[in-house]
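# Structural overview
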Amino acid sequence: MLGTLVPVRIDGYLPLEHYAAVGDGRSVALVGADGAIDWWCAPDMDCPPLFNRLHDPAGGQFTITPTAEFHIERQYRQDSNVLETIFITDTGSARLTESLNSGVAGRLPWCELARRIEGLRGSVEFKITLEPTCAERQVRRADHPNAAIRYIGDLTTTFCHDDKVGIIVDEDQRTLACHTTSAGSSTCVAFLVADQAPLAIPNLKDIDRRIDLSDDEWRRWSSELAYDGPFKGDLVRCALSLKFLVYSKTGAIAAAATSGLPERFGGVKNYDYRYAWVRDAAYTIKALLRAGSLEEPIGAFGWLVRTISDDGPVPKVVYTLTGEAVPDERTVAVPGYKASSPVRVGNRARTQTQLSCYGDVLETAALFAKCGHVLDPQAAGLMAGLADQCLTRWREQDCGIWELEDQQHYTFSKIGCWLALKNAAWLAREGHIRGDADRWLGVSDQIRKWIDENCWSSEKQAYTFFAGTDRLDAALLLTTRFGFEHDDRLKSTRAAIERELAVGPLVYRYSGAAKEEGTFVACSCWLVEAYAFLGEVDHAEQLLKRLLERLGNNFGILNEEIDPATGSGLGNLPQGLSHLALLHAIYSIEENR
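The rules we used
- Residues numbered from 1 in each chain as written.
- Predicted model: local features only at pLDDT ≥ 70, side-chain atom pairs only at ≥ 80, totals over all residues.
- Heavy atoms only, no water.
- Helix = DSSP H or I, 4+ residues; strand = E, 2+ residues; numbered from the N terminus.
- Buried < 20%, exposed > 50% of the residue type's maximum accessible area, 1.4 Å probe, protein only.
- Polar contact = N/O pair within 3.5 Å; in protein donor to acceptor, adjacent residues only side chain to side chain.
- Contact = heavy atoms within 4.5 Å.
- Core = buried A, V, L, I, M, F, W, Y, C linked by side-chain atoms within 4.5 Å.
- 1 Å grid on protein atoms, 1.4 Å probe; cavity = no way out; pocket = protein on both sides within 12 Å on 5 of 7 lines; lining within 4 Å.
- Points joined across faces, edges and corners; volume = space filled by probe spheres on them.
- Nonpolar A, V, L, I, M, F, W, Y, C, P; charged D, E, K, R; others polar.

### Focus on the side chain of E296
Position of E296 relative to the elements: it lies in helix α4 (residues 295-311). What makes E296 buried here is its relative accessible area of 10%. Of the polar contacts made by the side chain of E296, one reaches the side chain of W221; its length is 3.0 Å. Every residue in contact with E296, bar those within four places of it in the chain, is listed here: W221, K243, V246 and L288.

Below you can see the structure in the form of structure tokens.
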């Protein structure tokens, strides 16, 4: 995916859609189109950021940018997450190749953010700024016999470079350097981070070589994806972006790699998504299984089973990447992206109830079994226990899929409970778990009848957001995949959602959302699915093409939301729900043709 543009900062901020990403299976760095790494939480995604210019124009950064005016051509290497940017000036051109490196045995014991600078034509003078400062860590520089070290909180870090890079200033919180390329020249710089462990100081040539080794590993992974249809390029790039969020230490899947990015510029919906939602983890497992990946879904499902079992008996909505309770929400003293404050860390969903999680987990278990895999005794016991919980809990009010403070009998939550018991009954009858299949199936039928009697609007000819309202919820588009359609009610609901919540191929989450946020990328993908699963595949394909045009050229990295008026990205990124929904949309066309 190739992008050509002149990156421009306004008040110190780049547009969110001008960021690409690099990752190593535990952390993700966001690289601006002007060569600035403005966000990197290391060593893990949910740590305080080392670079935080996303939240503060005066914040931490690792920038390699020409001193003269320039424009860029930018792309990921084919089927890889190694990023290449060509800077073009009046005097020449140069290529910046970037990677969060892995080794021959997978993830390195330290974090290795590597950036190769190559001269292509003429000469290009670069200014290099390394400024690992942020609001939550103290920085102290020390001269060690083997390297110049910065201690940043509990982290030990160093800036690696050769003599081709001229150091101008080297202070506690900042290094300024310069480098001028010539045709055929090449040098590598890197920022290394160790967390309460010895810091390796590899040979710079080995760091440089690991850029290409990492590229080979990304290509190997993407070559195993099972799709050869008309949207292959989009699917591979989408799957690679989703892979950024798989936390290799535990198998957990983060909802996004950032925190505090606004759903409306200047608004207050600026949440922290660097945690593992049960819902998103289940959807991601299903998306990667569909794509032919096995290692990540098995690891993620194992994490999900262990985490819920250890925490139990009632599953939480969200956990940390290590399976612990998410911290209380608090705010950070930074200006916020485009003055959008408060910037939040932690998440208030930690204490909420979301009944649709039962359907997410049990549908995932059923999919594993249908794919020929085996549920171990712990997983089988958990599934039966969750189904039994669902027998009574489906009657409760909850916060719904959108985690609203207003507790209601949300229609999508009830359908999630119906889905849970339907899948539990199938698992029991096929011999994968033990339990009362007849009872589970009987209650699932009761839930369906309750939904039809309490959550249907005759006036709008649609299922509503929750019982007793005429408001609509775009999440109901997703239920076409579940097989909930009967009497053309979902087809009619789809038409109502399109009338009231859609702007072209873009869709708002629910009635009234347009006042406080942008259109939701995942809901836009679910509209594509709703056409595919309800028998209008050609229309689904055309709608997907229009959607991909509106998603724009963001180097394959999707935000949570889009402003339909300007096309600006909104919300956190890379957003897992957006990527997995796009994967499902592509597969829904192939599977229903």
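That was the structure; now back to the text.
### Section: the nonpolar core
Ranked by internal contacts, the top residues of the largest apolar core, which has 198 residues, are W40, F62, F191, W402, W440 and W526. Residue contributions to this core peak at 11 residues, all from helix α7 (residues 411-429). Excluding its chain neighbours within four sequence positions, the residues that come into contact with W402 are F465, D473, A475, R509, Y510, F520, C523 and W526. Counting residues in hydrophobic clusters, the runner-up holds 10 residues, among them Y273, Y275, W277 and V326.

### So, the layout of surface pockets
Its boundaries defined by the atoms lining it, the largest pocket holds a volume of some 500 Å³. Surrounding the largest pocket, 24 residues form its lining, G25, G106, K243, S248 and E296 being those nearest its centre. Those elements that place two or more of their residues in the lining of the largest pocket are β10 (102-103), β11 (106-107), α1 (204-223) and α4. Of the residues that constitute the lining of the largest pocket, the class distribution is 8 nonpolar, 9 polar and 7 charged. Here the second largest pocket defines a volume of roughly 440 Å³. If you go around the second largest pocket, you meet 24 residues; those closest to its centre are Y271, Y273, W402, E403 and R509. Of the residues belonging to the lining of the second largest pocket, the class tally is 11 nonpolar, 3 polar and 10 charged.

### Let's talk about the environment of D272
Among the structural elements, D272 can be located in the loop between α2 (232-243) and β20 (276-277). Here the alpha-carbon distance between D272 and G442, two residues 170 residues apart in the chain, equals 40 Å. Beyond its immediate stretch of four places on either side in the chain, D272 contacts T258, S259, G260, W277, R344, V345, G346 and N347. A polar side-chain atom of D272 sits 2.9 Å from a polar atom in the side chain of R274. At 3.1 Å, the side chain of D272 and the side chain of Y275 are in polar contact.

Honestly, that's just the spatial picture; any functional story needs more than this.
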